[in-house]
Amino acid sequence: MHQYPDAPAVARALAPDEPVILNRPHAAARAAQFFATKFPGKSLYAVKANPSPDLIQILWDNGITHYDVASIAEVRLVRATLPQATLCFMHPVKTASAIREAYFQHGVRTFSLDTQEEVDKIVAATTDAEGNPAKDLRLCVRLRVSSEYSELSLASKFGIDLADAGQLLQSTRQVADWLGVCFHVGSQAMTPFAYVQALERARAAIADAGVVIDMIDVGGGFPSCYPGMEPPPLEDYFAIIHRHFEALPVAYNAELWCEPGRALSAEYNSLIVKVEKRRGDELYINDGAYGALYDAAHVAWRFPVRHIAREETNDNAAIDVADLEAFSFYGPTCDDADFMEGPFMLPAEIKAGDWIEIGMLGAYGAAMKTAFNGFGGGDVVIVTDEPMASLYTGRPDPRVSDNVVSLR
């Protein structure tokens, strides 16, 4: 894989007509080291955020040993990439064949669930040919909690209601060698208080069940920096989670887990797109709703952007916000829904033939690309500069044309 100093160097060396994904291995390594050393428990990478084998290997090399896999395809992928990793099948609804393969072929012992039917399915699928039930199951009951403090809700699809959780915990305890409680506060939680509420709900469920709990998994939701979404430092989240975990009625040796996806992968990728046409304040670009910009189209997510002119310029110069205008994007397909409202703040003189770097696409960006309408190709390269926003560097990037700053 070719290596360049930054996005302008890539654009001018390749003059790409297709989108180019820029990988920053050093940014992913830094994020992994941060969670591995500062989170007061185990950090499981949520593979769905970005299933790149290169990224998974980087995270492993920098201290992430546990992986939240949500499908049998992810189980196979991570096991093939990391033979020694601990895999946890954290999708609450799984096929019996997926459970069986994960348990017997890939060494998975940890499964999540939110119904009695799923408990029964896991027990049946992990019973051996002689009819002996598994004695080493590590089962996690998922609670439904609020997503009110997060930008994207995950409160409706999974999780058992608090009123029913006690009975399910009691039933699961009977077949589990090791019992956990897990939840997910939603994606991009903008305040640590989101976890306080969820942990209080976990406390109530444990008290009602009256069973020994061996693990609390606070899930994902740890945020990254985007325009208009500058969260508190991650250390604040860790401190509050640890303090409330310590007060729970759990086993003396109970473990604390989390499942970061976005926070570990967002800074790993950015994307170079080409402006094919300008119509007023609308730019037609060569990636969009069916590519890496799914979130920009479908949930109106704003990403940091940086103009790269075709002519040689001082790309490292600071941007004067007064010289920027608000633009929206159309993607390359024939679908009218291939539209990203933004606003994306770019220089007024931007024109067809120029390029744009779009940052913070490591989470749910490259992973969402499709080949709809024949699009979706392009190169992947490595760049060595810093991501366009970061919770880990402590420095804003003066080249970024949006008010995205690091708070640490």
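Heads up: these notes are all about the structure in this document.

The rules behind these values
Residues numbered from 1 in each chain as written. Predicted model: local features only at pLDDT ≥ 70, side-chain atom pairs only at ≥ 80, totals over all residues. Heavy atoms only, no water. Helix = DSSP H or I, 4+ residues; strand = E, 2+ residues; numbered from the N terminus. Rg over C-alpha atoms; globule rule 2.2 N^0.38 Å. Buried < 20%, exposed > 50% of the residue type's maximum accessible area, 1.4 Å probe, protein only. Contact = heavy atoms within 4.5 Å. Lys, Arg positive; Asp, Glu negative; His and termini not counted. Charge placed at Lys NZ, Arg CZ, Asp CG, Glu CD. Axes fitted to C-alpha atoms, helices over the stretch in contact; angles between N-to-C directions. Parallel < 35°, antiparallel > 145°, perpendicular 65-115°, else oblique. Left-handed = near helix turned anticlockwise from the far one by under 90°. Nonpolar A, V, L, I, M, F, W, Y, C, P; charged D, E, K, R; others polar. Polar contact = N/O pair within 3.5 Å; in protein donor to acceptor, adjacent residues only side chain to side chain. Expected span 1.5 Å × (residues − 1). Pairing = 2+ DSSP bridges.

1. Quick notes on the overall build of the protein
Move 1: The helix and strand inventory of the protein stands at eleven helices and 19 strands.
Move 2: Relative to the globule expectation of 22 Å for 408 residues, the C-alpha radius of gyration of the protein, 22 Å, shows essentially globular dimensions.
Move 3: Taken along the three principal axes of its C-alpha coordinates, the protein extends 70 × 40 × 40 Å.
Move 4: Looking at the 408 residues of the protein, the share that counts as buried comes to 55%.
Move 5: Residue pairs in contact within the protein that sit at least 24 positions apart in sequence constitute 74% of those at least 6 positions apart.
Move 6: Within the protein, the 54 negative side-chain charges are centred at a point lying 3 Å from the centre of the 34 positive side-chain charges.

2. Brief notes about the packing of helix H4 (residues 72-81) against helix H5 (residues 96-106)
Move 1: Relative to each other, H4 and H5 sit at 15°, their axes nearing to 10 Å. Between H4 and H5, the crossing angle belongs to the class labelled roughly parallel. Crossing of H4 over H5 shows left-handed handedness. When H4 is examined against H5, the residues Ile72, Val75, Arg76 and Arg79 are found in contact with a partner set consisting of Ala98, Glu101, Ala102 and His106.
Move 2: Residue classes in the contact of H4 with H5 are distributed as four nonpolar, one polar and three charged.

3. What about the environment of Gln188?
Move 1: Here Gln188 is to be found in strand E10 (residues 187-189).
Move 2: For Gln188 and Tyr226, which are 38 residues apart along the polypeptide, the C-alpha to C-alpha distance reads 10.0 Å.
Move 3: Not counting chain neighbours up to four residues away, the residues in contact with Gln188 comprise Tyr149, Ser150, Glu151, Gly221, Pro223, Ser224, Tyr226, Met229, Arg262 and Trp301.
Move 4: Reaching out from Gln188, the side chain makes a polar contact with the backbone oxygen of Ser224 at a distance of 2.6 Å.

4. Focus: helix H8 (residues 193-209)
Move 1: Taking 1.5 Å per residue as the helical rise, H8 with its 17 residues ought to reach 24 Å, and the 25 Å between its terminal C-alpha atoms agrees with that figure.
Move 2: Along H8, the residues classified as buried are Ala194, Tyr195, Val196, Ala198, Leu199, Ala202, Ala205, Ile206 and Ala209.
Move 3: The secondary structure elements touched by the buried residues of H8 are helix H7 (162-173), strand E9 (178-182), E10, strand E11 (215-217) and helix H9 (234-246).

5. Focus on the pairing of strand E16 (residues 324-330)
Move 1: In terms of burial, E16 is largely enclosed, as five of its seven residues are buried.
Move 2: As paired elements, E16 and strand E17 (residues 339-347) share six bridges and run antiparallel to each other. If you follow Glu325 over to E17, its bridge partner there is Leu346.

6. Some thoughts on unusual backbone geometry
Move 1: Residue Pro343 is bonded to the preceding Gly342 through a cis peptide linkage, with omega at 5°.
Move 2: For Pro343, the location among the structural elements is in strand E17.
Move 3: Phi at Met360 is positive, roughly 60°, even though this residue is not glycine.
Move 4: Residue position: Met360 is located in the loop between strand E18 (355-358) and strand E19 (380-383).
Move 5: On the basis of relative accessible area, Met360 is assigned to the buried category, the value being 2%.

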